[in-house]
Amino acid sequence: MGETDHNHQAPPPVQAPPVGPPPPNLGLSRGPTWTPAEQLLHLNYCIHSNPSWPQAILLAFQHYIVMLGTTVMIANTLVPSMGGSHGDKARVIQTLLFMSGLNTLLQTWFGSRLPTVMGASFAFILPVLSTINDYTDETFSSEHERFIYTIRTVQGSLIVSSFINIFLGYSKVWGNLTRLFSPIIIVPVVCLAGLGLFSRGFPMVASCIQIGLPMLILLVITQQYLKRLVPVAHHVLEKFALLICIAVVWAFAAILTVAGAYNTAKVPTQMSCRTDRSYLMSTAPWIKVPYPFQWGTPIFKASHVFGMMGAALVSSAESTGTFFAAARLSGATPPPAHVLSRSIGLQGISMLIEGIFGSLVGTTASVENVGLLGLTHIGSRRVVQISCAFMIFFSIFGKFGAFFASIPIPIFAAIYCVLFGIVAAVGISMIQFANNNSMRNMYVLGLALFLGISIPQYFVMNTAPDGHGPVRTNAGWFNDILNTIFSSPTTVAIIVGTILDNTLEAKDNATDRGLPWWVPFQVRKGDVRNGDFYRFPLRLTEYIPTRFL
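This text gives an overview of the structure that appears in the document. Note that the coordinates shown come from a computational prediction; the quantities given were computed from them, not determined experimentally.

**Let's talk about the state of the cysteines**
(1) Moving on: The tally for this structure, following the rule as stated, stands at one disulfide.
(2) Moving on: One disulfide bridge connects C208 with C273, the sulfur atoms lying 2.0 Å from each other. The disulfide joining C208 to C273 has a torsion of about 125° about its S-S bond and is therefore right-handed. With C208 in the loop between α7 (202-205) and α8 (209-229) and C273 in helix α10 (residues 267-273), this residue pair connects regions lying 65 residues apart in the sequence. There is no split in this pair, since C208 and C273 are both buried.
(3) Moving on: With no disulfide of its own, C191 lies 16 Å from the sulfur of C417, the closest cysteine sulfur.
(4) Moving on: C417 carries a free sulfur, and the closest cysteine sulfur to it, the one in C245, is 14 Å from it.

What follows is the structure in structure tokens.
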């Protein structure tokens, strides 16, 4: 061994470490990886497949029961304020049901072609309340006359505002707007279509906790747990647990009513809990066919028309979010831009018909019925079309319809807790088609979700019972438009999400935004499946002008 000049021993040479595989990255997931799925694989029946006729009829009746709750809630909210009697409320419910059945048939045949029920929309409540306030100080010979004048004014507003949707749809403006969407926008839009309705969930369950909470618990246990414990009844409980639970809890509520459990309760509690407080059975006519101008000649007032136009825009936005959820839960591909255009245009035509027939509010795609598609795993279009027969039948034979309309509202609210949650979860699932590790996407998604909940909540909290919202200028029509638009979570999510996603480095982040996956579905022939799901029946596509496709 040699020595250095300072008599120190030289260090031994450093040997290179042996070449081998790199150490494992402990941050990587060890579990399975699921690739994005454009179509759900756990559906028993998709949009084209149909269950047997006995099953289809029972499932269709289930759709009718689910949509009935919103119809009754709107009538209970508005008709007494208009000066209407229990008989007037029964006729209003009949008209709303009739129009829902007719509009659902039109939408499933010539509109979106998706299995969506078109039900009464809460978006029209603020404009209707504004109309009610205008007649509060006027003198009428009776409360019934005030009701007639009010609903005739609502008729006129619906007729004029319907042309907004007709123009947006058939001019393809709405479809061009949806071309600006990406999966990052679809997530909050669909998610808030469900989450934005939270006020119709547990807050209404708590209005009569004795029947609302048992309904919620029983539905979850029966539909999710009992079907696994009793394999023989698995398919029955999965599809029809909702009807079984409604029958059981409704009977329980009737027993409590007869036993006098609510005799000393407060009036609001009795209205929510008792099964004999709707007064619909005694006042509904046996047979009554809704007909055009049944309340009289429509009254047109410009100040109320503008407020109703805001509601028409909101119903278009909410229907769009619901259509995307329906497509996912029925096994279809996302609806292309031209399909959304024609569906919104047809919704405008439906609103025009509603104004002619004297409906109290316009219709929109029913979120709760789309949630029912996911609950039962059945997205068949035929089932929804059969449900229209129940809507029309019970709208004509009033006594029979009034029997089911007397189901206590907390029972419906318990159902909504489950169904709205399913729709919200469908919206969240759309994030799989974008880069959910992108901080830019997190910013857009987070802000759209938060403001989509927070802004409408501010407007709701600052809206008086008579409908006066936080926007209070000297122009009443302007107030109605803004208060209506910004009270809708879905509409706010579309506004915030579209602006942010298309202005924050949009071109540089096209792949992260999921556009390579999204764009083919927005072009008429971009995906071969578009025609299979959305073309008109009976080869009508060959005879209809392209602008209406």
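That was the structure; now back to the text.
**Here's the deal with the side chain of T178**
(1) Moving on: Note that T178 resides in helix α5 (residues 173-178).
(2) Moving on: The class for T178 is buried, based on a relative accessible area of 0%.
(3) Moving on: Side-chain polar atoms of T178 contact the backbone oxygen of G175, separated by 2.7 Å.
(4) Moving on: Those residues in contact with T178, other than ones at most four positions away along the chain, are T320, A337, L340, W518 and Q522.

**Comments concerning the packing of aromatic side chains**
(1) Moving on: Under the defined criterion, the tally for this structure stands at 31 aromatic pairs.
(2) Moving on: Between F394 and F404 the ring centres are 5.5 Å apart and the planes differ by 70°, which places this aromatic pair in the edge-to-face class. In this pair, F394 sits in helix α15 (residues 381-396) while F404 sits in helix α16 (residues 398-405), placing the two residues 10 residues apart along the sequence. F404 matches F394 in its accessibility class, with the two residues each being buried.
(3) Moving on: Ring centres 5.1 Å apart and planes at 25° place the aromatic pair Y416 and F420 in the stacked group. Of this pair, Y416 and F420 both sit in helix α17 (residues 409-429), four residues apart, roughly one helical turn. The exposure classification of Y416 matches that of F420, with both residues buried.
(4) Moving on: Members of the aromatic cluster, each reached through a chain of ring pairs, are F61, Y64, W250, W286, F390, F393, F394, F397, F400, F403 and F404.

**A word on the nonpolar core**
Looking at soluble globular proteins, one finds that nonpolar side chains tend to be buried together.
(1) Moving on: By size, the foremost hydrophobic cluster in this structure holds 137 residues, and its most contacted members are Y64, L78, V92, M215, L360 and V361.
(2) Moving on: With 16 residues, helix α1 (residues 53-82) is the single largest residue contributor to this core.
(3) Moving on: Setting aside anything within four residues of it in sequence, one finds L78 in contact with I125, V128, L129, I132, L360 and V361.

What counts and how
- Residues numbered from 1 in each chain as written.
- Predicted model: local features only at pLDDT ≥ 70, side-chain atom pairs only at ≥ 80, totals over all residues.
- Heavy atoms only, no water.
- Disulfide = S-S within 2.5 Å.
- Helix = DSSP H or I, 4+ residues; strand = E, 2+ residues; numbered from the N terminus.
- Buried < 20%, exposed > 50% of the residue type's maximum accessible area, 1.4 Å probe, protein only.
- Polar contact = N/O pair within 3.5 Å; in protein donor to acceptor, adjacent residues only side chain to side chain.
- Contact = heavy atoms within 4.5 Å.
- Phe/Tyr/Trp six-rings, centres within 6.5 Å; stacked < 30°, edge-to-face > 60°.
- Core = buried A, V, L, I, M, F, W, Y, C linked by side-chain atoms within 4.5 Å.

Limitation: the analysis is restricted to geometry and does not speak to function.
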